[in-house]
Every structure is written in structure tokens, then in C-alpha cells.
Amino acid sequence: MEKKRAVNIRSTLGTTFERGMLYSKQKAEYTAVKAREHARGVMSTTKQVLYNALATVLTFVLIISIAVFMYGTFYYAYMPLEMHEEPVNLQFRACPDQMGLCSFPNASVHLHPKIKLMQGQPYSISLRLEVPDSVNNQVPNQALGMFMSCLKVVYSNKNTEHSCKSSILEFRSELLRIIETMAYSPFFLTGTSTQRQWITINYFSKFQDDPHFPAKELILEVQSKYIQVYSATLLVHAEFSGLRHIMYHHPWISTVTGVLSNVVILTLIILMSWTRFFTPEEIEQMDRDSGLKGSLKDEVVAKLAGEQAEKEDDLFNAEKDDIEIIKEAVKMGVENIK
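Residues numbered from 1 in each chain as written. Predicted model: local features only at pLDDT ≥ 70, side-chain atom pairs only at ≥ 80, totals over all residues. Heavy atoms only, no water.

Asker: Talk me through the side chain of Glu239; I want residue IDs and the actual numbers.
Answerer: Within the secondary structure layout, Glu239 lies in the loop between strand E8 (231-238) and helix H5 (243-249). By relative accessible area, Glu239 is classed as buried at 18%. Separated by 3.4 Å, the side chains of Glu239 and Lys206 make a polar contact. Glu239 has contacts with Gln121, Pro122, Tyr123, Ser124, Ser205 and Lys206, leaving out every residue within four places of it along the chain. (Helix = DSSP H or I, 4+ residues; strand = E, 2+ residues; numbered from the N terminus. Buried < 20%, exposed > 50% of the residue type's maximum accessible area, 1.4 Å probe, protein only. Polar contact = N/O pair within 3.5 Å; in protein donor to acceptor, adjacent residues only side chain to side chain. Contact = heavy atoms within 4.5 Å.)

Asker: How would you sum up the nonpolar core? Please name residues and give values.
Answerer: In this structure, Val88, Leu129, Phe147, Leu218 and Leu234 are the most contacted members of the largest nonpolar core, which totals 41 residues. Secondary-structure elements contributing two or more residues to this core are helix H1 (2-78), strand E2 (106-110), strand E3 (123-132), strand E4 (147-155), strand E6 (196-207), strand E7 (215-223), E8 and helix H6 (251-277). Setting aside anything within four residues of it in sequence, one finds Leu234 in contact with His84, Glu85, Glu86, Val88, Val109, Ile115, Ile125, Ser126, Leu127, Leu218 and Leu220. (Core = buried A, V, L, I, M, F, W, Y, C linked by side-chain atoms within 4.5 Å.)

Asker: Requested: an account of the state of the cysteines, with residues and values cited.
Answerer: The final tally for this structure, using the stated rule, is two disulfides. Note that Cys95 is cross-linked by a disulfide to Cys102, the S-S spacing being 1.5 Å. One quick way to see it: the torsion about the S-S bond of Cys95 and Cys102 is about 125 degrees, and its sign makes the bridge right-handed. Judged by relative accessible area, Cys102 falls into the buried class, the value being 19%. Across the disulfide from Cys150 sits Cys164; the S-S distance is 2.0 Å. (Disulfide = S-S within 2.5 Å.)

Asker: Could you give me a rundown of H6, with the residues and numbers involved?
Answerer: Turn by turn, an α-helix covers 3.6 residues, leaving residues three or four places apart pointing in a common direction. Compared with an ideal rise of 1.5 Å per residue, which puts 27 residues at 39 Å, H6 spans 39 Å between its outermost C-alpha atoms and is within 8% of the ideal. Turning to H6, its buried residues are Ser254, Gly258, Val259, Asn262, Val263 and Leu266. (Expected span 1.5 Å × (residues − 1).)

Next up, the structure:
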């Protein structure tokens, strides 16, 4: 009798142990599945965050690049060159039997393609003469004194515009020239400096090119046979006003303002596009256009949810049954022992 009771106890304990091991195994598998799903969820969330951060950075870089490119394109198209400097080669007719000039020095400058004038932009046109600081050019009423120079603008339809201005060299007394020569004598001897003057003659202010018949040639004439000239330069200076004045004289302020304005505009466009294409109505419309009906989609979602719920119920029922079995086995073992 004792042996039979011992065998029953051993059998009951073995069955209980096997069921406990099975329960532990199922519990471990369930825990592993849950942990794996949680790890996959965390990995998916991390990957999504990284993708969103990378997309945000790339979008921001793209917006900045486009904003800078747009401002640079606008600046290149809107802003003309501030100063055109064109060397002028003065021509004259030499005297065959004496020194000096037998005609007025003159020159012709073709505007295109060297100098391009923007339509609607005012310009000032000047001539800069570099002359030697000599007695013949300095002492008034003895050699040169005042002299005239003229500029003629020739348009493409053969019409002309004419302007003449008088000029005179700067007066310097004999004592001032002696002091200057003594003070700058080391530079004069080494050739780093020379005794010369620059005369700037302004012929046109607020000059605007004709958009229908643009200017094609400028004709210069210095009406003096006694002036000596080192070099001559034609100056075409753009007189900026309004926005062009701000963009040229305050480049950093205008650049920052223009780029930031472009960034704001592009950001608003992108946000409006995202709002337009990613609203719930658009998602439903995309689903309808793709051929997935609303009822079929709901059925698929409900079926997947039901399968998931059934799996969880099965696991829960299995756990419950295992617990009941263990309880019964323990109870039977206690009764057999008694």
C-alpha cells in the first residue's frame, strides 16, 4: 500500500513537473515573442526618427541652397555693373613742318560688346584725362588756360546727342610746385611717383539709353591743340537709387534679407504642399483611386485584429489551463500523502 502510494505521488509529481516545464516554456516563448515585437517596434521608431531627421536636414539644406541661388540670380539680372572703364586712344593729325598737333585729339568708342547699358538705369558719362604737371599746362593765360571738350552719342537709328564742357587744370603757384618737388623728390627720383594731374570731365548725368534705338558709339573730341595727355579713360558710372542703391552699398543687409525672404517663401510653399497632399481626405482619395474599397479595407483590418485577439486569447487560456492543472496536481499530491 505504501509502495503504491509512493508510486502515485511520484507519478503525480512527474506529471506536475512536466506540465510546469511546459508552462514555463510557453511563458518563455510568449515573453520572447513580446520582447521581439517590442524590439522591432523600438527599432522601427528609431529608424523612422532618423529618417525624419535626415529628411528635415536635407530639406533645410535644399531650401537654403535654392534661396541663395534665387537671390544670386536676381542680383545678377537686376544689378548692372557699377563702373565701366574703357581706355581711350586719342587720335590726331600731325603737322608735317612743325611740332605739335594740327588737329584736335579725338577718339571713337564702340559700346557693344565692351560696354552694356541696362535699360532704365541712369548713367553718368565722363572722361578722365591724365596730363603732365608742366608749365605749359599749369600757367593760365600763357599757354593753355581753359579748353573745350565734346562728347557725341550716336544711336542705332543714326540720331545723335551732343554735349560740350569746358575744363581747366588746377592752379598751383610756383612756390607750391617747388615745395612739392622737394618733398617728393625721393619718389620722383626712384620713379614711384610722377608730377601729373587728373582732370575728370562729366558730360552727361542721368543718361538713359533708348530701349528701341540703343546707343552704339561715343565720339570724343578735345578741342585744344596744345594740351599734352598721358592717357584718357572713358568712365560710365551707374547712378543707383532705391533698391539698387541698398543692394550695392549695403550688400550684407540686402543679402541676408533676400535669402531669409526666399527661405520663408519656400518653407511656406513646402508646408502648404505637405498639408495639401497629406490630409485625411487625400489619403482616402488615394485609397479609392488605388482600387481598395472602404468596406474591403475595413474587413481586412477587422480580420487582422481578430486573428491577433484570438492568438492572445489562446495564450491566455493556455496559461489558465496550466495553472489549473498545477493546482489539481498539487492537491492530489497532498491528498495521496495524507
